[in-house]
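Residue-level structural notes
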Amino acid sequence: GVRDVLFLYEENRCSMTYMYEYPEYLKIKLPKKTAKRYPAYELYLYGEGNYAEENKNLLLTGIPVLFLPGNAGSYKQVRSLGSIALRKAEDVDFKYHFNFFSVNFNEELVALYGGSLQQQTKFVHECIKVILKLYRDREFAPTSVAIVGHSMGGLVARALLTLKNFKPELINLLITQATPHVAPVMPLDKYLTDFYTAVNNHWILKAQDLRNLTTLSVAGGFRDYQVRSGLAFLPRLSQHDSALSVVSSAVPRAWASTDHLSIVWCKELILATIRAFFDLIDENTRQITEDPKKRMSVLNHHFVRHPAKIFEENPEAFTELTGAFMWITVKASKWTYSLYNDSDGKYFTFPLASHRKSYSHVYCENSMLDTSSWIYGCVNSNSSMCLEATDLSWRAELLPTTKVVILKLQDYPSLSHIVIQVPPTVGNKYTLDCEFFKEDSRTVQLPVTHLFSFGLSSSKILLNSTGLLYNVQLQHFNQIYQAFKIYIESHCQSLKERKPSVYRLHIPWSHEDSIIVAKVPSFTEISAKLHIAQPENDSRIPELNIYSSSDCQYEVILKTSLLQVLGQIIRFHAGSLPVYIVSNILLTYGGQLSTLISTGQCSDFSLELVRTAKPYKVEPLISIVVFLQGFNWFREIWQSLSLPEVDAAVLSSRDAWFPLVSLILFLFGTGIAYWSGVFFSTSLRLFSSLWLTLIRPTVPQKDKLITPRRLCGVLSLALVSWMTCGAFAVFIVYLQYLFKSVHVFVASVFYFQDSDHSKETSQNSSIHTVKNQSSMDSISEATQSLSNSTIAEAVNSLKMHVTILNLFTWIVLLNLPSLIYWLKNLRYNVRLDPDPCRSTAIIIVCILEILMNSSTSEVKSSKLLKIAAKVPLPLSVAMLAFGRMHLYKVPHFVIFSLLLHVLCCIV
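Quick caveat, the model's predicted, so the values are computed rather than measured.

Looking now at a nonpolar patch on the surface. Taken together, the side chains of Phe452, Phe454, Leu456, Leu562, Leu566, Leu660, Leu663, Ile664 and Leu667 define a hydrophobic patch exposed on the protein surface, amounting to about 840 Å² of accessible area. Mapped by element, the contributors of at least two residues to the nonpolar patch are α11 (562-573) and α17 (661-694). The leading source of residues in the nonpolar patch is α17, at three residues. Position of Leu667 relative to the elements: it lies in helix α17.

Rendered as structure tokens:
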């Protein structure tokens, strides 16, 4: 599954964007108050060559666009947009042009640490004010700014509307690139999840106020394994019709999946964006249009369905077909026309009266990919020619090798003829095809194979007819856990050269189509899987559209792909894996405490994991709770206890929960926990061996748990946590614990070797000495008994320390982003504020400082041991119930369990 997500995706079909002149970034001076409040952030204006020189005095006359980088993103990522917009402006002699600004967020890790998201949002608000001030007193001064946000930058842009003093009219267009709108990829702290909740709730509750803001979200598709495309789809609201979400693989003229970074430089996608920007300009104001309907129609034109025509806001309803062209009537139901260097123009007319009874649709395709009109519907004609027609070219759709039109004859009762225009061509070779057909004859139903068929069975159909278009309906394909391999084999009667076939997987409830161009004849493999499950109120069926060659047969075979099913599990739920891993370790820890009660010995981590970490101990209870939450009476009781909603129920409501997914993830977590335990033990042995060769250790001596020196250490680390960064204090005490464990291990090994050596010496001396034999034997037995019990105790303690260290390794990893963020911003502020783990860090410091000096002998005699051994199981259940979508809660469950361990050492 991991391999499928990280490596088995389509090749990169994006072209790189290049600058023709040296890119320059002009730093915009901010007000002193703003610069002092946000010392790490900056605002830049992008430019190249002469354009950059002209803008150094900041006498700007263009249309402002602000680029916001994402997680660890650079302000220089604006250059692809800025450069192509500059080239486009040169093409129109700078009648219109755009000024691209970019914010430097200091490459902060905002996808992992949410403490600075609010700060970034407020800074962007200040930047918008500064940008609009630069245009003050200009002839066509803008009143709003368009925003392009990559990754988390898109979320920051949406968050602007949650600010109390922000005026919504300051932005009228927002384009986001690979932005996780629905939920964070890794919910590592409370600030991150709270930020998401505030933004999404505002957009749902205040949807009416956002109608003047047009939003486009572009997702990267399956190549983007950092942000899955399902997260990039904006919340669907019936009253919010000014938002559009698309996957890059469905964008016309791009038709390519992008990874998380290439989405900002993918030439095909950037060209679509810049073309849309120029089509959005209002000629009167020379700024982006204030009409929301026009904005949506432009975005639909460039990002959803491109008719292979230059955008027109109000195309003429009727047109006169002029020109000294020859008129030719075609009565056949199927027609093909190829031309090359034809100097005479022609009109081909298809009378509809003779076809309406026999056929339901007409399909035409044209391999000339220009932007001129080519197909019309005649509304007024005489015996020889059409006098007035409506332009049907707007009904066309652009595909990689052709432009096609499908018309339902019933929808056009007033048309007498279909007219195809063939203009004179010089040096161009292209083909026109038209056919009339019944919808039933070209629609084939293909039931998909069952999830648990594991690719052993298949569904198969053979398309024998000689049509130009087939629609294969993939029945029962509606869930995200379904994944298939579709094999299409084409056979042709003759070996002549043909146009390529186009295969499109069309998902009707979301813009996530994928298109593949294949030679004919050929054998083609298509991956079929979903980014979004079918909504409850939607009954439409996904289709495989085959735009075929007329004299070829097509065989379609569909099989379940187990590899891709596992890939979907990883794609949708890999973020919750740490919860399953820690849950397994916690169950093992509880098992070790139980063996300490029953046998007096602490079992080995790996053996105890295999024995104790069983999914049937935790999964059934969560499933029962999720089931009961479907009943109102149970929900009322649950809410009265002020308990949060179970994460599995939330994921189910988002259609992101698979059957058996929790079991698979639990087993995966068991595997990772097992091998991390093996790695940890092996590393400990290697470090100890190295230590033994360098330093002769001292024999470990029994000491008090709490001493003045240790108390000073705890207070010092608590102060570090409070004054600097909680994760830093946790990391220090973790290293201290690690060092202590290695020291205990080394001392135990050395003490064991030393006792063996003493035993041998005692035996050797007894051979030469007979005197006082009985007294020597009794001393030797007492010494041996003492050394064996001491070593056994040390080994037991060490096993317990290894498990606790294993637990805290994952806690340190979960807190690492805030530590990295703090280190990166240390030059601006010594104290991390807000700090997601300041209070928990102080508790962790106190716990670890006591535990690292404890031994199992103290725990064994405790009255609380039985309670401490039973608590990890309910905590593991609670962790899986409430921690999957809130990873920051994981340390709390571990802390509670180890707090009881500390009490066992004391009481």
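From this point on, the discussion continues.
This part covers the pairing of strand β17 (residues 417-422). Within β17, five of the six residues are buried, which leaves the element mostly enclosed by the surrounding structure. Bridge count for strand β13 (residues 375-381) against β17 is four bridges, and the pairing is antiparallel. Following the sheet pairing, Tyr376 is matched in β17 by Val419.

Our next topic: the packing of aromatic side chains. Applying the stated criterion to the full structure yields 31 aromatic pairs. Ring centres of Tyr25 and Tyr75 lie 5.5 Å apart, and the angle between their planes is 85°; this geometry places the pair in the edge-to-face category. Placement of Tyr25 in strand β1 (residues 23-27) and of Tyr75 in the loop between β3 (63-68) and α4 (79-91) is noted, with a sequence separation of 50 residues between them. Between Tyr38 and Tyr41, the ring centres sit 6.3 Å apart and the planes meet at 10°, which makes this aromatic pair stacked. The exposure class assigned to Tyr41 is buried, which follows from its relative accessible area of 4%. Here a set of aromatic residues connected by ring pairs shows up, and it is made of Phe627, Phe631, Trp633, Phe634, Trp638 and Phe882. Taking NZ or CZ as reference, Lys88 lies 5.9 Å from the ring centre of Phe278, over its face. The side chain of Lys529 reaches across the aromatic face of Phe222, ending 4.8 Å from its centre.

We now examine the sheet that holds strand β9 (residues 326-329). The five strands are arranged β9-β11-β17-β13-β14 in an open sheet whose pairing can be described as mixed. The sheet is open, and its two edges are formed by β9 and β14 (386-391), each paired on a single side. When strand polarity is set aside, the average angle formed by the axes of neighbouring strands in this sheet is 35°. Relative to strand β11 (residues 346-351), β9 runs parallel, the two being bridged by four bridges. Bridge pairing in β11 links Met326 to Lys346.

Position of Asn104 among the secondary structure elements: in strand β4 (residues 98-104). Accessibility expressed as a relative area gives 11% for Asn104, which makes it buried. Placed 704 residues apart in sequence, Asn104 and Phe808 show a C-alpha to C-alpha distance of 35 Å. In contact with Asn104, other than residues within four places in its own chain, are Ala40, Tyr41, Glu42, Tyr44 and Tyr75. There is a polar contact of 2.9 Å between the side chain of Asn104 and the backbone nitrogen of Asn106.

Overall, the predicted model of the protein chain reaches an average pLDDT of 88, with 94% of residues at or above 70. Per-residue pLDDT, averaged within each element of the protein chain, yields its smallest value for helix α19 (residues 726-768) (69) and its largest for strand β5 (residues 145-150) (97). Note on residues 756-783: pLDDT is under 50 here. Beyond four places in sequence and across chains, it has three contacts.

Okay, the state of the cysteines next. In total, this model carries four disulfides according to the counting rule given. Each sulfur in the disulfide pair Cys364 and Cys434 lies 2.0 Å from the other. An S-S torsion of about 115° defines the bridge between Cys364 and Cys434 as right-handed. Here the residue Cys364 occupies a position in strand β12 (residues 361-366), and Cys434 occupies one in strand β18 (residues 429-437), the gap between them amounting to 70 residues. The pair Cys364 / Cys434 is uniform in exposure class, with both members buried.

Moving on to the nonpolar core. Within the largest apolar cluster, 128 residues are counted, with the highest numbers of intra-cluster contacts made by Leu474, Ile486, Leu544, Ile546, Tyr554, Val556 and Ile804. Residues in contact with Ile804, not counting those within four places in the same chain, are Tyr589, Tyr737, Leu848, Leu851, Leu898 and His901. If you look at the next biggest cluster of nonpolar residues, it comprises 54 residues, including Ile28, Leu66, Phe101 and Phe123.

Before going further, it helps to spend a moment on the packing of helix α12 (residues 577-598) against helix α24 (residues 872-882). Contact pair α12 / α24: the axes reach a minimum separation of 9 Å and the direction vectors enclose 175°. When the axes of α12 and α24 are compared, the pair comes out roughly antiparallel. Counting all contacts with α12, which are made through Val579, Tyr580, Val582, Ser583, Leu586, Leu587, Tyr589 and Gly590, the residues of α24 involved are Pro872, Leu873, Leu875, Ser876, Met879 and Leu880.

What follows concerns unusual backbone geometry. In this structure, Pro521 follows Val520 across a cis peptide bond, with omega equal to -5°. On the secondary structure map, Pro521 appears in the loop between β24 (514-518) and β25 (523-529). With an omega dihedral of 0°, the bond running from Asp833 to Pro834 counts as a cis peptide bond. Inspection of the secondary structure puts Pro834 in the loop between α20 (773-824) and α21 (838-851).

Scanning all chains against the criterion turns up 21 salt bridges. Notably, a salt bridge pairs Lys403 with Asp370, separated by 2.9 Å at the nearest N-O pair. In this pair, Lys403 sits in strand β16 (residues 403-408) while Asp370 sits in the loop between β12 and β13, placing the two residues 33 residues apart along the sequence. Here the residues in one salt-bridge network are Glu21, Glu48, Arg87 and Glu90, joined through shared partners.

For the rest of this paragraph, the subject is the side chain of Gln568. Checked against the element boundaries, Gln568 lands in helix α11. When its relative accessible area of 0% is taken as the criterion, Gln568 is described as buried. Within the local environment of Gln568, its side chain forms a polar contact with the backbone oxygen of Ile480, the two atoms lying 2.8 Å apart.

Cut-offs and rules
Residues numbered from 1 in each chain as written. Predicted model: local features only at pLDDT ≥ 70, side-chain atom pairs only at ≥ 80, totals over all residues. Heavy atoms only, no water. Patch = residues over 30% accessible without salt bridge, like charges linked within 9 Å, V, L, I, M, F, W, Y side chains within 5 Å. Areas by Shrake-Rupley, 256 points an atom, 1.4 Å probe, with all protein chains shown as cover. Salt bridge = Lys/Arg side-chain N within 4 Å of Asp/Glu carboxyl O. Helix = DSSP H or I, 4+ residues; strand = E, 2+ residues; numbered from the N terminus. Buried < 20%, exposed > 50% of the residue type's maximum accessible area, 1.4 Å probe, protein only. Pairing = 2+ DSSP bridges. Phe/Tyr/Trp six-rings, centres within 6.5 Å; stacked < 30°, edge-to-face > 60°. Lys NZ or Arg CZ within 6 Å of the ring centre and 35° of its normal. Axes fitted to C-alpha atoms, helices over the stretch in contact; angles between N-to-C directions. Contact = heavy atoms within 4.5 Å. Polar contact = N/O pair within 3.5 Å; in protein donor to acceptor, adjacent residues only side chain to side chain. pLDDT = per-residue confidence, 0-100. Disulfide = S-S within 2.5 Å. Core = buried A, V, L, I, M, F, W, Y, C linked by side-chain atoms within 4.5 Å. Parallel < 35°, antiparallel > 145°, perpendicular 65-115°, else oblique.

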